[in-house]
Amino acid sequence: MSVILATAGQDDKIRFWEAPSGICSRILRYADSQVNCLEITPDKQYLAAGGNPHIRLFEINNSSNQNPILTLEGHTGNVTSLGFQRNGRYLYSGSEDGTVKLWDLRSPTFSRSFDSRGAVNSVALHPSQAEIISGDQNGSVKIWDLGSAKCINDIVPDAQSSSTSSEGRVSIQSVDVSADARTLVAANNHAEVFVWNPSDATKKTQQSNEPLRPLAKFRAHPLGAYLLHARISPDCRHLVTTSSDKTVRLWDTSTWQLTQTLSQHSKWVWDAVFSADSSYLVTASSDRTARLWNLRTGTPVRHYTDHDYAVTCVALNDSST
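Residues numbered from 1 in each chain as written. Predicted model: local features only at pLDDT ≥ 70, side-chain atom pairs only at ≥ 80, totals over all residues. Heavy atoms only, no water.

**A few points about the nonpolar core**
Put simply, the test is: Remark: nonpolar core denotes a set of buried residues (Ala, Val, Leu, Ile, Met, Phe, Trp, Tyr, Cys) joined through side-chain atoms within 4.5 Å. Three labels apply to residues, based on accessible area from a 1.4 Å probe with only protein chains included: buried if under 20% of the type maximum, exposed if over 50%, partly exposed otherwise in between. Counting from the N terminus, the helices are the DSSP runs of H or I reaching at least four residues and the strands are the DSSP runs of E reaching at least two.
Formed by 16 residues in total, the largest nonpolar core has its most connected members in Ile-14, Phe-16, Val-35, Leu-38, Leu-47 and Ala-49. For this core, the elements supplying multiple residues, two or more each, are strand E1 (4-9), strand E2 (13-18), strand E4 (37-40), strand E5 (46-50) and strand E28 (311-317). Per element, the largest residue contribution to this core is 3 residues, and it comes from E1. Membership of the second largest hydrophobic core comes to 15 residues, among which are Ile-152, Ile-155, Val-175 and Leu-212.

**Details of the sheet that holds strand E17 (residues 184-188)**
Put simply, the test is: Pairing between strands is defined by DSSP: at least two bridges between the two strands are required. Angular values range over 0 to 180 degrees, each being the angle between N-to-C directions of two axes fitted as lines to C-alpha atoms, with helices fitted over their stretch in contact.
One open sheet holds the 4 strands; their spatial order is E16-E17-E18-E19, and the pairing between them is antiparallel. The open sheet has two free edges, formed respectively by strand E16 (172-177) and strand E19 (216-219), since each of these has just one partner strand. Taking the axes of each pair of neighbouring strands and ignoring which way they run, one obtains an average angle of 15° across the sheet. Summarising the sheet, strand E18 (residues 192-196) and E19 pair through 4 bridges and their orientation is antiparallel. By the bridge assignment for E19, Phe-194 is matched with Lys-217.

**Overview of unusual backbone geometry**
Backbone torsion omega between Asn-52 and Pro-53 reads 0°, so that peptide bond is classified as cis. Along the chain, Pro-53 turns up in the loop between E5 and strand E6 (55-59). With a phi close to 60°, Ala-149 is a non-glycine residue in the positive phi region. For Ala-149, the position within the fold is in the loop between strand E14 (141-145) and strand E15 (150-155). Look at Ala-149 and you get partly exposed, because its relative accessible area is 34%.

In structure tokens, the structure reads:
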């Protein structure tokens, strides 16, 4: 079983790592921009990197080719978040240009574009593959139906923090849906986390005046800290949050109680990704390192330390399928 681990950030380079040894095995240059987000195709053949404003796909298993095999043009601002549909043929992305786009990788242009009317910070695909969830800087969580190409719900969580948008709302920094489709999470940049049942969110339409109330709501990091990323584990049992307070926190999704705090980074922690079995976590930080954590012990087992500037994104695919 091969393990693909890649990191990137503000030094315009993508690094591939031998995960067990911590040795950097390959470096790709991402011209013209920092790298904001990374994702590996389910079949481990390609790596997608989002920058400003391009998305570029690189071959993983052909180390002699340093150039992208495909550049996706269409966004006009920073690409902040991206992912692949289950079969790897389609890519979805969100951008500060205010759009969510769907791409057929057989074509360099997008096949669908949704206007979020606010800079998009995060996108996630529902396990049904039929809806995309987006979170934007206007404090809105939107559900986009891929069949009808319409927004079927627009949720504005009742944040307690002071507003960060012109509309008096707090920016949504991160959204995710659990693999069992039972949990939808949105986290704002003031570290408030909101939890819904996705079936409630997708059934609800814009015509209803009744606000969709969260099943749970909690503050994941101290007042004054920024939440930077939130992700649900593949086994659906934990939520990870990363923050400007230099910590990574793990939450039990059955109780929403804090179970672990990982605190060995020395600067902001921008990103985190679980291993396929949910027992390991890789984090990326402004301290120019990425770290591999054993979640059974809560200790870092490997450091990846070759970057020149902040490491802002990480991708991992160690699945056996």
